Amino acid sequence: MSNEITLRDRIDEALRTVYDPEIPCNIVELGLIYKTDIKDNNEVFVTMTLTAPGCPVAGDIVLEVQEKVKAVEGVSDAHIQLTFDPQWTQEMMSEEAKLELGFL
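Asker: Would you take a moment to explain the overall build of the chain for this structure?
Answerer: Across its full length, the chain carries three helices and three strands. Starting at the N terminus and ending at the C terminus, the chain contains elements arranged as α-β-β-α-β-α. Its C-alpha atoms give the chain principal-axis dimensions of roughly 40 × 25 × 20 Å. Taking all 104 residues of the chain together, the buried fraction comes to 38%. Excluding contacts between residues fewer than 6 apart, the proportion of contacts in the chain whose partners are at least 24 apart in sequence is 59%. A distance of 4 Å separates the average location of the 8 positive side-chain charges in the chain from that of its 20 negative side-chain charges.

Asker: Which parts of the structure should I look at to understand the environment of Met92?
Answerer: Counting through the fold element by element, Met92 comes out in the loop between β3 (77-82) and α3 (95-100). For Met92, a relative accessible area of 29% corresponds to the partly exposed category. The sequence separation of Met92 and Lys39 amounts to 53 residues, and the corresponding C-alpha distance is 26 Å. Once you skip the residues sitting within four places of it in the chain, Met92 turns out to touch Leu30, Gly31, Tyr34, Pro86 and Gln87.

Asker: Sorry if this is basic, but what is going on with helix α2 (residues 58-70) here?
Answerer: Count 3.6 residues to each turn of an α-helix, and residues three or four apart come out pointing the same way. For α2, which comprises 13 residues, the first-to-last C-alpha distance of 18 Å matches the rise-based estimate of 18 Å (1.5 Å per residue) to within 8%. When α2 is considered as a whole, its buried residues turn out to be Ala58, Ile61, Val62, Val65 and Val69. Down the axis of α2, the buried side of the element spans an arc of 95 degrees, and every buried residue falls inside it. When the buried face of α2 is taken as reference, the exposed residues oriented beyond 90 degrees from it are Gly59 and Asp60.

Asker: What is the right way to read unusual backbone geometry from this model?
Answerer: Comment: phi is negative for the bulk of residues other than glycine, and the bulk of peptide bonds are trans. For the bond from Asp85 to Pro86, the omega torsion is 5 degrees, close enough to zero to count as cis. Examined against the element boundaries, Pro86 turns out to sit in the loop between β3 and α3. Of note, Asn42 is a non-glycine position whose phi angle comes to about 65 degrees, a positive value. Classification of Asn42 by relative accessible area gives partly exposed; the value is 24%.

Asker: Before we go on, may I ask you to explain the confidence of the model for the chain in this structure?
Answerer: Any region with low pLDDT has predicted coordinates that should not be read closely. Averaged over all residues, the pLDDT of the chain equals 92, while 95% of them reach at least 70. Within the chain, the lowest mean pLDDT, 84, falls on helix α1 (residues 2-15), and the highest, 98, falls on strand β2 (residues 43-48).

So, how was this worked out
- Residues numbered from 1 in each chain as written.
- Predicted model: local features only at pLDDT ≥ 70, side-chain atom pairs only at ≥ 80, totals over all residues.
- Heavy atoms only, no water.
- Helix = DSSP H or I, 4+ residues; strand = E, 2+ residues; numbered from the N terminus.
- Buried < 20%, exposed > 50% of the residue type's maximum accessible area, 1.4 Å probe, protein only.
- Contact = heavy atoms within 4.5 Å.
- Lys, Arg positive; Asp, Glu negative; His and termini not counted.
- Charge placed at Lys NZ, Arg CZ, Asp CG, Glu CD.
- Expected span 1.5 Å × (residues − 1).
- Arc of directions from axis to C-beta.
- pLDDT = per-residue confidence, 0-100.

Printed below as a string of structure tokens:
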């Protein structure tokens, strides 16, 4: 059990290094990561969204998330599912992100 927590922490840490190029904040603080599932074989499934459906760098962000999660020690494979349900809103951002971006 403690191994899964450690792996989850490392995955979360990796996700925090991915930034939306238009917003100076990482995708975790922005609330773009909806779910992270780690299967028994350490295969990781991430469900995420983007700030807007027409995001011009959507493919780049998804690819970066996949590469960074896959590079985490102990992860056997990474699958990224992009969804717009529910649609992202500013309320999904962490307090830290809201403060950093001047929404508080």
